[in-house]
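Structural description and commentary
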Amino acid sequence: MHHHRVGRGEPLVLVHGVGSRWQVWEPLLPLLAESFEVFAVDLPGFGASPALPETTVDTLTDALDAFLTEHGLDRPHLAGNSMGGLIALDLAARGRARSVTVFSPIGFWSAAGVWWCRAALGGSKALGLRLRRALPAILGTAAGRTVFLGLLFGKPWALGARIALDTASGGLDAPGFDAALASFPHARLRDGGRLRRIPVTIAWGSRDLLLTYATQSRRARAWLPDARHVTLPGSGHTPFYDDPRRCAELLLCRTAADTAG
């Protein structure tokens, strides 16, 4: 599994969402690397990692479990976004994490919520493929970034053009995208009760349009009442460019509290 490794300290593994790659965490890395040895992974079928024979949320979780074993990461801190959030939570429920921090994780949805997520992401990919040649020009404007990336970011107009294009291309080119997305209706938290044994933080951007903040963050609070639940005002589904310092602080504060305890 391809990954980016930086920093020194206790291990922290970062897990991206569907259609993304390790670079989505780049705004946080300078701060996190001061305190942790960071492993930002490309899940199989995304970024520079080859795809699995069968790609589902469960097989990706198993692959990351094997990665932890391969690198001698017994109980690292885990952090994940979207699909990577549920993967991190499920690994933590297996006893594979010292703490877990997730941003807008999948799995806390109703039937309508999972339908909307799949339809929105699938439709965005289909449109992106049709407009592939024009994307550099479209995403070179603030208006184009707002239209095409508003599902993911709270402030898409503020992204750099290169970051916007790389984000879009990562989803269009990922061989694991379609199969992973198709598995979403079967993706669920396997054993939430075991998460009471470790520190858990669940953060949600107030402008998350993909996994809607108003309904799904409320459901997460009900299902995991012992977790720390945090709202990120003005941030979207993937909040790391919207508010990188606050996102990093959530990881630094949670893991520091765990270490002190």
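Whatever comes next refers back to the structure up there.
As a starting point, this report considers the structure included with it. (Residues numbered from 1 in each chain as written. Predicted model: local features only at pLDDT ≥ 70, side-chain atom pairs only at ≥ 80, totals over all residues. Heavy atoms only, no water.)

1. Considerations on the environment of G84
Its location among the elements puts G84 in helix 3 (residues 83–93). Sequence separation between G84 and V15 is 69 residues; the distance between their C-alpha atoms is 4.8 Å. (Helix = DSSP H or I, 4+ residues; strand = E, 2+ residues; numbered from the N terminus.)

2. Some remarks on the side chain of S99
Locating S99 in the fold gives a position in strand 5 (residues 99–103). A polar contact of 2.7 Å, which involves the side chain of S99, links it to the side chain of H77. (Polar contact = N/O pair within 3.5 Å; in protein donor to acceptor, adjacent residues only side chain to side chain.)

3. A short note on the pairing of strand 3 (residues 36–41)
The element strand 3 is largely enclosed, with a buried count of six among its six residues. Residue alternation in strand 3 divides its side chains into two sets, F36, V38 and A40 and E37, F39 and V41, and both sets are buried. Where strand 2 (residues 10–15) and strand 3 come together, six bridges link them in parallel fashion. Bridge pairing in strand 3 places L14 opposite A40. (Buried < 20%, exposed > 50% of the residue type's maximum accessible area, 1.4 Å probe, protein only. Pairing = 2+ DSSP bridges.)

4. Observations regarding helix 6 (residues 142–149)
The complete set of buried residues in helix 6 reads G144, R145 and L149. Buried residues of helix 6, seen end-on, are gathered within an arc of 100° and therefore sit on one face of the element. Among the exposed residues of helix 6, those pointing more than 90 degrees away from its buried face are A143 and V147. Buried residues along helix 6 sit in contact with helix 5 (135–138) and helix 7 (161–173). (Arc of directions from axis to C-beta. Contact = heavy atoms within 4.5 Å.)

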